[in-house]
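As a plain string of letters, each chain reads:
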Amino acid sequence: MKQIGKYKANEYIVNVFNSMRINTGFENETMLEIIAEHMGNVLENIDDDIMLNKDDINVVISIEQDQKDKNVINVNILAAMTNENIINIEELF
């Protein structure tokens, strides 16, 4: 897990980590831009996992409040994909 960004949002410091084990071909800057544009959703979903999107790119993140400092939020990028890579579960049956 590598820290790729840090933001100040309201009273929070938001640290962004890339937790993906494989290279998806998306630049860190692209994923950071998507997270920054959806910062309101990030702050509303602390201690949850959500999917954010922009254009054809989807980023799945896990959001956790730091145990030692309640003003720190850690965002872990779990996956990134284009719309064509998302599987419709109904198509499997």
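Because the structure is a prediction, the values reported are computed rather than measured.

Caption draft 1: Structural context of a negative patch on the surface. A cluster of acidic residues, Asp-47, Asp-48, Asp-49 and Glu-64, forms a negative patch on the protein surface. Among the structural elements, Glu-64 can be located in strand 4 (residues 57-65).

Caption draft 2: Local environment of the sheet that holds strand 4. Reading across the sheet, the 5 strands line up as 1-2-5-4-3 and stay open at both edges, with mixed pairing between neighbours. Two strands in the sheet have a free side with no partner beyond their single neighbour: strand 1 (2-9) and strand 3 (48-54). Across the sheet, the mean angle from the axis of one strand to that of its neighbour is 30°, orientation sign disregarded. When strand 1 meets strand 2 (residues 12-18), the two strands line up antiparallel, connected through 7 bridges. Its bridge partner being in strand 2, Ala-9 is matched across the sheet by Tyr-12.

Caption draft 3: Spotlight on the environment of Asp-69. By the element assignment, Asp-69 lies in the loop between strand 4 and strand 5 (72-82). The partly exposed category is assigned to Asp-69, whose relative accessible area is 34%.

Caption draft 4: Spotlight on the side chain of Ser-62. When you line up the elements, Ser-62 lands in strand 4. Using a relative accessible area of 10% as the deciding quantity, one classes Ser-62 as buried. A polar side-chain atom of Ser-62 sits 3.0 Å from a polar atom in the side chain of Asp-49. Among all residues touching Ser-62, those that are not within four sequence positions of it are Asp-48, Asp-49, Asn-74, Val-75, Asn-76 and Leu-78.

Caption draft 5: Quick peek at the nonpolar core. Residues Val-14, Val-16, Ile-35, Val-42, Ile-61, Val-75 and Ile-77 are the most contacted members of the largest nonpolar core, which totals 24 residues. Listed by contribution, the elements that provide at least two residues to this core are strand 1, strand 2, helix 1 (28-37), helix 2 (39-44), strand 3, strand 4 and strand 5.

Caption draft 6: Fine view of the pattern of salt bridges. Evaluation of the coordinates by the stated rule reveals 2 salt bridges. Ionic pairing is found between Glu-33 and Lys-54, a salt bridge with its closest N-O pair at 2.3 Å. In this pair, Glu-33 is assigned in helix 1 and Lys-54 in strand 3, connecting sequence segments 21 residues apart. Given a relative accessible area of 25%, Lys-54 falls into the partly exposed group. One salt-bridge network, in which partners are shared between bridges, spans Glu-33, Glu-37 and Lys-54.

Rules behind the numbers
Residues numbered from 1 in each chain as written. Predicted model: local features only at pLDDT ≥ 70, side-chain atom pairs only at ≥ 80, totals over all residues. Heavy atoms only, no water. Patch = residues over 30% accessible without salt bridge, like charges linked within 9 Å, V, L, I, M, F, W, Y side chains within 5 Å. Areas by Shrake-Rupley, 256 points an atom, 1.4 Å probe, with all protein chains shown as cover. Salt bridge = Lys/Arg side-chain N within 4 Å of Asp/Glu carboxyl O. Lys, Arg positive; Asp, Glu negative; His and termini not counted. Charge placed at Lys NZ, Arg CZ, Asp CG, Glu CD. Helix = DSSP H or I, 4+ residues; strand = E, 2+ residues; numbered from the N terminus. Pairing = 2+ DSSP bridges. Axes fitted to C-alpha atoms, helices over the stretch in contact; angles between N-to-C directions. Buried < 20%, exposed > 50% of the residue type's maximum accessible area, 1.4 Å probe, protein only. Polar contact = N/O pair within 3.5 Å; in protein donor to acceptor, adjacent residues only side chain to side chain. Contact = heavy atoms within 4.5 Å. Core = buried A, V, L, I, M, F, W, Y, C linked by side-chain atoms within 4.5 Å.

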